[in-house]
Each structure stands twice: as structure tokens, then as C-alpha cells.
Amino acid sequence: MSLSSLPAWPGVGYGGLLVAITGGMSSLGVPERNTLEMLKDEVNAAGGIKGPDGLMHPLEVIIYDTESEETKAVIAAKKLTGQDRVSVIIGPTTSGNSMAVLDTIQKAEIPMIAMATSDDIVNPVEDRKWAFKVTWLNSANAEKMAQYLQARGHSRLGCLVANNAYGLSGLTEFEKLAPDYGIEIVASEKYEKGDTDMTAQLTKIKASGAEALLLWGTIPELAIASRNAYELGLEIPKLAQGGASHPKYVEGAGKEAIEGTISSGGKFSVAEQLPD
């Protein structure tokens with residue numbers, strides 16, 4: 001939906017949403033889009049928002065689908081900062097898309113509030129003045145995992161990560177922290193978007209004598225990697241970032257393959273919403 005036809009209030013701008021409604025990351029982008037639309041409906045059901053004219057106005061939203069592609073994300077970001085004249089951008093969904101639009105939002109001097117985890121979205125701060133994020137940092141995720149491994153005496157780690165901004169950021173943060181926790185990365189393997197079999201990489205990790213396996217990526221490849229590890233008989237603890245909390249991880253890998261996976265991520269808030 002475009003807001004360009006709405007009356008412009010002096011001193012007030014509109015906001016836009018960049019999400020992966022289609023493509024490989026739609027499992028995240030669709031609920032993000034649905035949540036915003038739900039909140040919009042709640043606000044409007046309560047009368048809307050008060051404008052500078054003192055009157056209540058319905059809340060409208062601009063939503064662009066990045067299609068999970070960096071090029072599409074940049075095109076959409078340029079529309080939001082140009083023809084739609086937004087004051088703020090929420091999104092994109094992924095680290096790669098968020099990194100891709102940084103130049104656009106920096107030049108436009110319009111704040112972006114990303115929903116992805118890479119530290120590089122907001123660091124170095126002096127070069128990311130207009131970039132913000134609401135999710136946990138990859139460095140925080142990596143530190144919790146390192147603490148877990150140290151507490152259980154696992155010092156030899158094998159890593160299998162996505163060869164993109166998200167996966168490489170996670171690996172980089174773990175490499176920084178590992179020495180402080182007495183952890184040696186004995187194997188470091190990568191996979192590409194769209195890969196349907198990671199057996200070759202996992203075979204190398206198995207031969208390395210790794211005592212634990214770090215999986216850092218997104219669905220569906222994350223689920224495939226976990227299933228391949230199970231099929232190889234790689235019976236060592238598996239650590240995965242927040243993507244392993246998604247239902248599609250369970251569906252894609254199978255119950256037997258994901259049993260015992262340790263996932264790090266944000267605190268779930270659903271418990272407080274359930275009946276006693």
C-alpha cells in the first residue's frame with residue numbers, strides 16, 4: 001500500500017516496512033508483515049492516531065516485499081526514501097538485506113530499524129549513524145553458546161555456517177570469543193543458499209574430532225544440515241542460533257534429527273500470555 005496519496009501533515013512523515021513476504025525467508029517475513037497489520041488494525045479500532053491538527057486519523061502502512069533478495073531490498077528502500085517520503089523504515093528481515101540497504105538509508109539520512117541480528121548492521125557506530133536493530137546481537141548469541149560449551153567441557157568445535165552476511169557474522173563473532181573460553185575451532189565449513197545436501201562438509205567435521213557442532217544459518221538449509229548430521233551418525237551436541245526455534249526447522253529436519261539441539265535467541269514472551 002502506498003501512502004503517497006495521503007495528505008501530508010507539516011513536520012510529520014510516514015513509515016515503511018521492508019519484509020521478505022516471498023522467497024527463502026518468507027517464514028520470517030510473513031509473520032512480521034502480519035504482526036504489523038494486526039497492530040495497525042488494533043490502533044485503528046481504538047480510533048487511530050492524533051495528528052498535529054488535533055484530529056484522529058487512521059493509521060496506514062507502506063509494505064514492500066523484498067522477496068528475500070538484496071537487490072529487491074535496495075530497490076524497495078529507494079522507493080521508500082524517494083517517492084514515498086518516509087521518515088523511518090522498519091526492516092529488512094535478514095542481515096544480508098539490511099546490509100544491502102545501508103548505503104541507501106545513510107545517504108537519505110533516514111533511520112532504519114532492522115529486524116536482523118548481524119553486528120555489522122550497526123557497527124562501527126560512526127559509520128552506521130542511521131542504522132538501528134531490535135534483535136539480539138550475533139556476538140551475544142555466540143557468547144552464550146561459548147559459555148554453554150565451556151560449562152560442559154566441550155573444547156573442540158566444528159562449525160557449519162551459511163556463506164552469507166548472517167552466517168559469516170556468526171562465525172566471526174565465535175572466532176573472536178573462542179580463545180577466551182578455551183574453545184578450538186577444529187573445522188570450519190560453509191554452505192550456499194539453496195544447497196540441498198551438506199554431507200560433504202559434515203563428513204569433514206566428523207573426521208576433525210569435533211566434540212560439538214555449531215550450525216549458523218537460516219531455514220531451510222539449517223534443517224537440511226541438521227538432518228544430514230543425523231544421517232551421518234554425528235552424535236555430538238548441536239548448537240544453533242534462533243532459527244532452530246522456528247517450526248519449519250522441526251518440520252524440515254525431522255524430530256529424530258533435531259532432538260537435543262540447543263538453540264540460543266531472544267526470550268520467549270508467550271508464557272506470560274497463557275492461562276495458569
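The numbers attached to residues start from 1 for each chain and follow its sequence in the written order. In keeping with the predicted nature of the model, local features appear solely for residues at pLDDT of at least 70, side-chain atom pairs appear and are counted solely at 80 or more, and the whole-chain, interface and lining totals rest on all residues. Side-chain metrics rest on all non-hydrogen atoms present in the structure, leaving aside hydrogens and water.

Trainee: Lay out the nonpolar core in plain terms, naming residues and giving numbers.
Mentor: Nonpolar cores are built from buried Ala, Val, Leu, Ile, Met, Phe, Trp, Tyr and Cys residues. Side-chain atoms within 4.5 Å join them into one set. In this scheme, a residue with accessible area under 20% of its type's maximum is buried, one over 50% is exposed, and one in between is partly exposed, where area comes from a 1.4 Å probe on protein chains only. Membership of the largest hydrophobic core comes to 24 residues, with the highest contact counts inside it found for Leu160, Met198, Leu202, Ile205, Leu213, Leu215 and Tyr249. Labels follow the DSSP assignment, with helices taken as runs of H or I lasting at least four residues and strands as runs of E lasting at least two, numbered in each case from the N terminus. Those elements giving two or more residues to this core turn out to be β8 (156–162), β9 (184–191), α7 (199–207), β10 (212–216), α8 (221–231), α9 (247–253) and α10 (255–258). In this analysis, two residues are considered to be in contact whenever any of their non-hydrogen atoms come within 4.5 Å of each other. Leaving out residues up to four positions away in the same chain, Leu160 has contacts with Glu189, Lys190, Tyr191, Met198, Gln201, Leu202, Ile205, Leu214, Leu215, Trp216 and Ala225.

Trainee: Go over unusual backbone geometry, please, and point to the residues and values.
Mentor: Gly91 connects to Pro92 through a cis peptide bond whose omega is 0°. Tracing the sequence through the fold places Pro92 in the loop between β5 (86–90) and α3 (95–100). A cis geometry characterises the amide bond from Asn123 onward to Pro124, with omega recorded as 0°. Along the chain, Pro124 turns up in the loop between β6 (112–114) and β7 (131–133). One non-glycine residue, Ser68, adopts positive backbone phi at about 65°. The residue Ser68 is located in the loop between β4 (62–65) and α2 (70–81) in this model. Assessed through its relative accessible area of 10%, Ser68 is described here as buried. Backbone geometry places Glu109, a non-glycine residue, at a positive phi of 55°.

Trainee: Describe the pattern of salt bridges, and please don't skip the residues or the numbers.
Mentor: In the sections that follow, a salt bridge refers to a side-chain nitrogen of Lys or Arg positioned within 4 Å of a carboxyl oxygen of Asp or Glu. Under the defined criterion, the tally for this structure stands at six salt bridges. Note that Lys193 is salt-bridged to Glu69, the shortest N-O span being 3.4 Å. In this pair, Lys193 sits in the loop between β9 and α7 while Glu69 sits in the loop between β4 and α2, placing the two residues 124 residues apart along the sequence. For Glu69, a relative accessible area of 37% translates into the label partly exposed. One salt bridge in this structure joins Arg227 and Glu231, with 3.9 Å as the shortest N-O distance. With a gap of four residues between them, Arg227 and Glu231 both fall in helix α8, about one helical turn apart.

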